[in-house]
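Inside the fold
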Amino acid sequence: MKKNFILLMALLMTFILVSCSSASTKSDPITISDLPGDIPCNDTQITLSAVSFCEVYAAHGYTGYCIATVDRSNLSDDDLYWMLNKETGQLQAEIDIVAYLTSEENSLESERLSQLQTIYNGENIYFMFYTTDVQRKHLNDFELTLQIIMSPEKSLIADTTQYYYYHLDAEEGVDYSDYEKILSSKEKDILVKALNNRIDSLKQGIGN
């Protein structure tokens, strides 16, 4: 009986060792400490060049907006189209960004922001997000976290998928409702374009 037990334990340990050796070896997440931050992308690279946050007062409260700007000058339009596109049956794009917001004043704890729109031109990709619900108080205590997902196989469980993180905290004394000063002229133009597109989309939905 004792010999059978020892044999069983030996087989179990062998199974565990084999399982561990064949387990996936995903890379650890990488934190981008300063901007611009380079991110490998296939045989070239993209760059997280700017991250901005502002708030707009409307409907008795504040809506926060985040704009993440990625330099895509090394990518062709064709490459970028397919990398951002989610084909039928795919849940993940090759390049994706998710934004999370914390605000103690508004009882928000790592709240995932809604995606407003992703727009790109010959120089940059603009990933835009907003707080889904209107907040009662100012968001000038925000803590913002961006999760950049690079997934060449368009699969979150693939070993080749790499996560990058960037953190942005509110600066004391800054008025984030003064978006004229907070945002660059390009950021303002692209945000207005995205908001107009959103309004047009809602109008079409009502019309249908």
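Residues numbered from 1 in each chain as written. Predicted model: local features only at pLDDT ≥ 70, side-chain atom pairs only at ≥ 80, totals over all residues. Heavy atoms only, no water.

With that settled, the discussion passes to the overall build of the chain. In terms of regular secondary structure, the chain is built from four helices and 10 strands. Per-residue burial for the chain yields a buried fraction of 37% across its 208 residues. Contacts spanning at least 24 positions in sequence make up 63% of the contacts within the chain whose residues lie at least 6 apart. When the accessible area of the chain is evaluated, it comes to approximately 13,000 Å², of which 51% is carbon and sulfur surface. (Helix = DSSP H or I, 4+ residues; strand = E, 2+ residues; numbered from the N terminus. Buried < 20%, exposed > 50% of the residue type's maximum accessible area, 1.4 Å probe, protein only. Contact = heavy atoms within 4.5 Å. Areas by Shrake-Rupley, 256 points an atom, 1.4 Å probe, with all protein chains shown as cover.)

Here we take up the confidence of the model for the chain. On average, residues of the chain score 88 in pLDDT, and 87% of them are at 70 or above. Note that residues 1-22 has pLDDT below 50 and, in this model, zero contacts with residues that lie over four places away or in other chains. (pLDDT = per-residue confidence, 0-100.)

A full pass over the atoms with the stated rule returns four salt bridges. Note that arginine 72 and aspartate 77 form a salt bridge whose closest N and O atoms lie 2.9 Å from each other. Here aspartate 77 falls in the partly exposed class, since its relative accessible area comes to 47%. Across the pair glutamate 180 and lysine 188 runs a salt bridge whose closest N-O atoms are separated by 3.0 Å. (Salt bridge = Lys/Arg side-chain N within 4 Å of Asp/Glu carboxyl O.)

Another point: the sheet that holds strand 10 (residues 162-169). The strand order across the open sheet formed by five strands is 1-10-9-5-6, and the pairing between neighbours is mixed. At either margin of the open sheet sits one strand with a lone partner, and together these are strand 1 (30-31) and strand 6 (108-112). Where strand 5 (residues 95-103) and strand 9 (residues 143-150) come together, eight bridges link them in antiparallel fashion. Within strand 9, the residue paired with alanine 99 across the bridge is leucine 146. (Pairing = 2+ DSSP bridges.)

All right, on to a negative patch on the surface then. Residues Glu104, Glu109, Glu143 and Asp169 make up a contiguous surface patch of negative charge. Within the element layout of this structure, glutamate 109 appears in strand 6. (Patch = residues over 30% accessible without salt bridge, like charges linked within 9 Å, V, L, I, M, F, W, Y side chains within 5 Å. Lys, Arg positive; Asp, Glu negative; His and termini not counted. Charge placed at Lys NZ, Arg CZ, Asp CG, Glu CD.)

The buried fraction of strand 4 (residues 61-71) amounts to 10 of the 11 residues, a majority that puts the element mostly inside the structure. With 11 bridges joining them, strand 3 (residues 44-58) and strand 4 adopt antiparallel strand pairing. Bridging from a neighbouring strand, phenylalanine 53 pairs with cysteine 66 of strand 4. In the sheet, strand 4 pairs with strand 8 (residues 124-130) via seven bridges, with the strands oriented antiparallel. Paired with tyrosine 65 across the two strands is tyrosine 130, which belongs to strand 8.

With that out of the way, let us pick up the nonpolar core. By size, the foremost hydrophobic cluster in this structure holds 32 residues, and its most contacted members are Leu48, Leu144, Leu146 and Ile148. Counting residues per element, the ones that place at least two in this core are strand 2 (37-41), strand 3, strand 4, helix 2 (77-84), strand 5, strand 8, strand 9 and strand 10. Not counting residues within four places of it along the chain, the set of residues in contact with leucine 144 comprises Val51, Cys66, Ala99, Tyr100, Leu101, Leu113, Tyr166, His167, Leu168 and Asp169. Tyr65, Tyr126, Tyr130 and Leu183 belong to the second largest nonpolar core, which has 12 residues in total. (Core = buried A, V, L, I, M, F, W, Y, C linked by side-chain atoms within 4.5 Å.)

Right, let's get into the packing of aromatic side chains. Applying the stated criterion to the full structure yields five aromatic pairs. Ring pairing ties together the aromatic residues Phe53, Phe142 and Tyr176, which thus form one cluster. (Phe/Tyr/Trp six-rings, centres within 6.5 Å; stacked < 30°, edge-to-face > 60°.)

Further remarks concern the pairing of strand 2. Regular strands place their side chains on alternate faces of the sheet. Because side chains alternate across strand 2, one face comprises the buried residues Gly37, Ile39 and Cys41, and the other comprises Asp38 and Pro40, none of which is buried. Where strand 2 lies against strand 3, five bridges are found, and the strand directions are antiparallel. By the bridge assignment, isoleucine 39 is partnered in strand 3 with isoleucine 46. Taking the residues that link successive antiparallel strands as the turn, the strand 2-strand 3 hairpin has two residues, and the phi of asparagine 42 there is positive, at about 55 degrees.

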